[in-house]
Amino acid sequence: MKPIKMIIDTDPGIDDVMAILFAHQHPNIDLLGLTTVIGNGTLETVTRNALLLKKYFNLACDVAKGADKPLQGEAREEPTFVHGDNGLGNIEIDEKEDFGKIDPRPACDYLIDQIRANPNEITLVAIGQLTNLALAIEKAPDIIPLVKQVIIMGGAFGYNGHFGNVTPVAEANIYGDPWAADKVLTAKWDVVIVGLDVTHQVIMKNEHFEQLKENSQYGQFIYDISRFYLNFYKTKGLDNGCAVHDSSAIFYALHPELFKTIKGPVRVVTEGITKGQTVIKTSDFQFGIDEWKEMPHQTVCVDVDAQACLDLYQTTMCNCK
Ligand code: BDR
Ligand code: CA
């Protein structure tokens, strides 16, 4: 298999780090770049975290800094109670350390250049809010047909009983910039949506982190940053484990057969009490009023082989399973 040329748009973030290191380690992924976006921390924090990963683990990819606010209005407050003040579970970081240089281009320009230079080859995996992708297609709509596939971690449709995580109906990455999300999901490219419907089914337990610590070159780091994350999940009633959100988007890129999917046009609510909700139209009925009409049919993941995903993570990251 020819390695998948991948750019990860990200807000690292504990589960983002786990996904990035997994993509870096997997032999069938050629990780070209990380583009950062505000979300799990300020833009400065998440960009520093991307550079930190690059330095600590010798990532051969570029890091380009992206948007510090959504397409409209101001950014929501960073969820420090989920990812810690530094986005990495409050592990010790020398704030004065030089973590290296970012690409001179803003993330949206970096995306445009890479997609034009690699027509029909790039898989874009977006695991933060979708502002950078929306800015890129707004500025250069010619890139839309040149992207091989867009895979996003975001949204929730109520399958398996999973709705929202920041509001009763909205998932964090979509809620962060619903205007961008609606633009990205209604653009004429292939989008796969890996939402809470499936990521809340893939639960990594402390035993998995212990195993990584013993057997993986990334294990101690992942173990250290995940302490804070596991504690957050404990406050939410999950006693021993956390959802594997962002890595699940990478699992899909490698093994789509592990996911059950449906197809249909998807819109995002941008105002009101259901802001950030993702809604798929599943019927062919011709409604008189229909904001889904003529929108491209996207792929929504509705079920997953969770055990196979967890095994994939462990076998890829551990020297031995
Ligand atoms: C998403 O929100 C962020 O906190 C995580 O990194 C993930 O991308 C889950 O809703
Ligand atoms: Ca994320």
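Residues numbered from 1 in each chain as written. Chains lettered and ligands numbered in written order. Predicted model: local features only at pLDDT ≥ 70, side-chain atom pairs only at ≥ 80, totals over all residues. Heavy atoms only, no water.

Before going further, it helps to examine empty space enclosed by the protein. By rolling a water-sized probe across the atoms, one finds the places where empty space is left. Inspection of every chain in the model, using the stated rule, returns 1 cavity of 30 Å³ or more. Roughly 100 Å³ of internal volume is contained in the largest cavity. Ile 38, Gly 39, Asn 40, Arg 76 and Gln 129 are the residues nearest the centre of the largest cavity, which is lined by 13 residues in total. Residue composition of the lining of the largest cavity, by class: 4 nonpolar, 5 polar and 4 charged. (1 Å grid on protein atoms, 1.4 Å probe; cavity = no way out; pocket = protein on both sides within 12 Å on 5 of 7 lines; lining within 4 Å. Points joined across faces, edges and corners; volume = space filled by probe spheres on them. Nonpolar A, V, L, I, M, F, W, Y, C, P; charged D, E, K, R; others polar.)

The next point concerns the pattern of salt bridges. With the rule as written, the count across this model stands at 12 salt bridges. Residues Asp 113 and Arg 105 are paired through a salt bridge, measuring 2.9 Å at the closest nitrogen-oxygen approach. A salt bridge links Lys 281 to Asp 290, with the nearest nitrogen and oxygen atoms 2.6 Å apart. One exposure class covers both Lys 281 and Asp 290, and it is buried. (Salt bridge = Lys/Arg side-chain N within 4 Å of Asp/Glu carboxyl O. Buried < 20%, exposed > 50% of the residue type's maximum accessible area, 1.4 Å probe, protein only.)

Ligation of the calcium ion (ligand 2) by protein atoms is provided by Asp 11 (OD), Asp 16 (OD), Asp 16 (OD), Ile 127 (O) and Asp 246 (OD), these donors lying 2.3 to 2.6 Å from the ion. Written as a sequence motif, the donor arrangement for the calcium ion (ligand 2) is D-x4-D-x110-I-x118-D. Of this pair, Asp 11 sits in the loop between β1 (4–10) and α1 (14–25) while Ile 127 sits in the loop between β4 (122–126) and α5 (131–139), and the two are 116 residues apart along the sequence. Both residues of the pair, Asp 11 and Ile 127, belong to the buried class. (Donors = N, O, S within 2.8 Å, 3.2 Å for Na, K, Ca; no water. Helix = DSSP H or I, 4+ residues; strand = E, 2+ residues; numbered from the N terminus.)

Its boundaries defined by the atoms lining it, the largest pocket holds a volume of some 450 Å³. Around the largest pocket, the lining is made up of 25 residues, and of these Val 82, Asn 165, Ala 172, Phe 232 and His 245 lie nearest the centre. Listed by contribution, the elements that provide at least two residues to the lining of the largest pocket are α1, α3 (80–83), α6 (172–176), α10 (219–235) and α11 (245–254). Among the residues forming the lining of the largest pocket, the class breakdown is 12 nonpolar, 6 polar and 7 charged. Lining the second largest pocket are 15 residues; nearest its centre among them are Pro 265, Lys 281, Ser 283, Asp 284 and His 297. The residue inventory of the lining of the second largest pocket, partitioned by class, reads 4 nonpolar, 5 polar and 6 charged.

Summed over all chains, the structure comprises 0 disulfides. The thiol of Cys 301 is not disulfide-bonded; the next cysteine sulfur, from Cys 309, is found 9.5 Å away. When its relative accessible area of 0% is taken as the criterion, Cys 301 is described as buried. (Disulfide = S-S within 2.5 Å.)

In this section: the site of ligand 1. As a structural note, the neighbourhood of ligand 1 is formed by Asp 15, Asp 16, Asn 40, His 83, Ile 127, Met 153, Asn 165, Glu 171, Ala 172, Asn 173, His 245 and Asp 246. One nitrogen or oxygen atom from the side chain of Asn 173 is found 3.0 Å from an oxygen atom belonging to ligand 1. For ligand 1, whose free accessible area comes to 280 Å², the fraction covered by protein is 94%. Given that more than half its atoms are within 2 Å of the pocket grid, ligand 1 belongs to the largest pocket. Mapped onto the shell around ligand 1, the elements with two or more residues apiece are α1, α6 and α11. When the residues that make up the shell around ligand 1 are grouped by side-chain class, the tally is 3 nonpolar, 5 polar and 4 charged. (Near = heavy atom within 4 Å. Polar contact = N/O pair within 3.5 Å; in protein donor to acceptor, adjacent residues only side chain to side chain. Areas by Shrake-Rupley, 256 points an atom, 1.4 Å probe, with all protein chains shown as cover. Sits in = over half its atoms within 2 Å of the grid points.)

Okay, the UniProt feature "domain: Inosine/uridine-preferring nucleoside hydrolase" (unreviewed entry) in the chain next. UniProt marks residues 6–310 with the feature "domain: Inosine/uridine-preferring nucleoside hydrolase" (unreviewed entry), using the numbering shown here. Across residues 6–310 one finds 36% helix and 18% strand; the C-alpha atoms that close the span lie 21 Å apart. (UniProt positions renumbered as here; feature names shortened; annotations may be inferred.)

Let us now look at helix α7 (residues 178–186). The element α7 is extensively covered by neighbouring structure, given that 8 of its 9 residues are classed as buried. Those residues of α7 that are buried are in contact with α5, β5 (149–153), α6, β6 (191–194), β10 (266–268) and β12 (298–304). (Contact = heavy atoms within 4.5 Å.)

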